[in-house]
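# Analysis of the macromolecular model
The primary structure of each chain is shown beneath.
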Amino acid sequence: MLSILEQRPRFDLIEGATPIQRLTRLERSIGCSKKHGIYVKRDDLMGVGGGGNKLRKLEFLVGEALSQGCDTFITTGARQSNHARLSAAAAARAGLSCELVLTDTVVRTDEAYRYNGNVLLDDLLGATVHRRPNGADAMVVAEMRRAELIAVGLRPYVVGSGGSSAVGCLGYAACAAEIVAQEQSLGLRFGRIVVPNGSSGTHAGLAAGLKALGDDASRITSFSVLAPLEKTEETTRVIAEQTLGLLGQNYAFGNNDIRVSGDQLGEGYGMPTDAMFEAVRLVARTEGLLLDPVYGGKAFAGLISAVRNKAWQDEGPVLFVMTGGLPGLFAYEPAFRAGQNNLYHRS
Ligand SMILES: *Cc1c(COP(=O)(O)O)cnc(C)c1O
């Protein structure tokens, strides 16, 4: 697999492997047995644009755009999309123009959601933003922009929400190899690898990578934060197969390989849950680590629940992939203020 990955065009956005760290104080606070332990892979620690999981995909997407001689990077997302912000950052770094089609899919109308967080950063990073109301088809707008730019002699590269094309997902196939190598040097094997599932590319890429290595994709559990369970399973399976195809292998993933939970979705994408508020606060206060409210907070709430219920206790150590999204905390400041058990209410 690694030799196939090496032949793909890739634009450097990440300095080496991201660290894996153990969370012993958190383990104690949620009653995790000392035998196995809970670890995080710090995919939030990357040097461009504030960092996050989309940079792994963007290495391959921007690499392909440059190899095709493109000059403009176009993508889509929700108003507070981390992928949009990191696309703007990666494009700036690569000397490409960036156009973002952002839809108001989340019904939050407060100032923080509309202007802070990723929205502020998209502007600082120099992206051209096309805003559309809830219900608009962002890909249709993106394709219109593609046609308009081609008509004036430019060369656009278009990728959909989350950058979860098969090419983008190669970034997480490479991450699977990185995790397996780190397991060898740490002298352990993770029984569960936990990720949030939005556009499904993180889970799908990891699954394709583990499969290509002859490893076990069912070690991954993702928590859907966007679509209902069955739709998320299906999308993850399809993209995993396409990504594995790029790695030169044919395989039909089944439900036993692709494990998704819908338990943390709550009322839907970008809608806070009490379990998310608790997870974000607990990880911050026990470990000094910052999860985001839309993805990591919900997925970590799923991990906490599984550990408390002793659902994974015989499976070995657990690895949670921290996927970034810190700017989302600022966009959700009013939600944290209104949520339960918070600092504002204590004084
Ligand atoms: C996009 C995103 C995810 C989900 O990744 P997908 O590949 O879209 O499933 C998780 N965490 C953060 C912070 C993200 O921005």
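Structure: see above.
Owing to the predicted nature of the structure, the values given are computational and were not obtained by experimental measurement. (Residues numbered from 1 in each chain as written. Predicted model: local features only at pLDDT ≥ 70, side-chain atom pairs only at ≥ 80, totals over all residues. Heavy atoms only, no water.)

### Some words on the sheet that holds strand 5 (residues 128-132)
The strand order 5-4-3-6 describes an open sheet built from four strands, whose pairing is parallel. Of all the strands in the sheet, just strand 5 and strand 6 (156-159) have a single pairing partner and so form its edges. Averaged over all adjacent pairs, the angle separating strand axes in this sheet is 20 degrees, with direction ignored. For strand 3 (residues 72-78) and strand 6, the ladder comprises four bridges, and the chain directions are parallel. In the strand pairing of strand 6, threonine 72 is matched with proline 156. Contacts from helix 3 (residues 54-67) reach strand 3 and strand 6, with the element oriented near 150 degrees to strand 6. (Pairing = 2+ DSSP bridges. Helix = DSSP H or I, 4+ residues; strand = E, 2+ residues; numbered from the N terminus. Axes fitted to C-alpha atoms, helices over the stretch in contact; angles between N-to-C directions. Contact = heavy atoms within 4.5 Å.)

### Some remarks on the site of the ligand
Lining the immediate surroundings of the ligand are 17 residues, of which Lys54, Lys57, Ser199, Thr202 and Thr323 lie closest. At a separation of 2.7 Å, an oxygen atom of the ligand approaches a polar side-chain atom of threonine 202. Isolated, the ligand exposes 380 Å² of accessible area, and the fraction of that covered by the protein chains is 98%. Within the residue set of the shell around the ligand, elements represented by two or more residues are helix 3, strand 7 (192-197) and helix 9 (201-212). Residues belonging to the shell around the ligand are distributed by class as follows: two nonpolar, 12 polar and three charged. The two domains that each donate at least three residues to the shell around the ligand are domain 1 (2-52 + 165-338) and domain 2 (54-163). (Near = heavy atom within 4 Å. Polar contact = N/O pair within 3.5 Å; in protein donor to acceptor, adjacent residues only side chain to side chain. Areas by Shrake-Rupley, 256 points an atom, 1.4 Å probe, with all protein chains shown as cover. Nonpolar A, V, L, I, M, F, W, Y, C, P; charged D, E, K, R; others polar. Domains from an automatic or database assignment.)

### Things to note about the packing of aromatic side chains
By the definition in use, this model includes seven aromatic pairs. One Lys or Arg, lysine 54, reaches over the ring of tyrosine 295 and ends 5.4 Å from the middle of that ring. (Phe/Tyr/Trp six-rings, centres within 6.5 Å; stacked < 30°, edge-to-face > 60°. Lys NZ or Arg CZ within 6 Å of the ring centre and 35° of its normal.)

### What to know about the sheet that holds strand 1 (residues 20-22)
Strand order in the open sheet formed by six strands is 1-2-10-7-8-9, with mixed pairing between adjacent strands. Both edges of this open sheet fall to strand 1 and strand 9 (259-261), since each of them pairs with a single strand only. On average, each strand axis in the sheet is inclined to that of its neighbour by 30 degrees, with strand direction left out of account. Pairing of strand 7 with strand 10 (residues 318-322), which is carried by three bridges, proceeds in the parallel orientation. Opposite valine 194, over in strand 10, you have phenylalanine 320 as the bridge partner. Along the sheet, helix 10 (residues 229-246) makes contact with strand 7, strand 8 (220-224) and strand 9, crossing strand 9 at roughly 150 degrees.

### What about the pairing of strand 8?
When you tally the buried positions in strand 8, you get five out of five residues, the bulk of the element. Judged by which residues are buried, strand 8 turns out to be covered on both faces: Ile220, Ser222 and Ser224 on one side and Thr221 and Phe223 on the other are all buried. On the question of chirality, the crossover connecting strand 7 to the parallel strand 8 by way of helix 9 is right-handed. Where strand 8 and strand 9 come together, three bridges link them in parallel fashion. Bridging across to strand 9, phenylalanine 223 finds its partner in serine 261. (Buried < 20%, exposed > 50% of the residue type's maximum accessible area, 1.4 Å probe, protein only. Right-handed = clockwise from strand over helix to strand, strands pointing away.)

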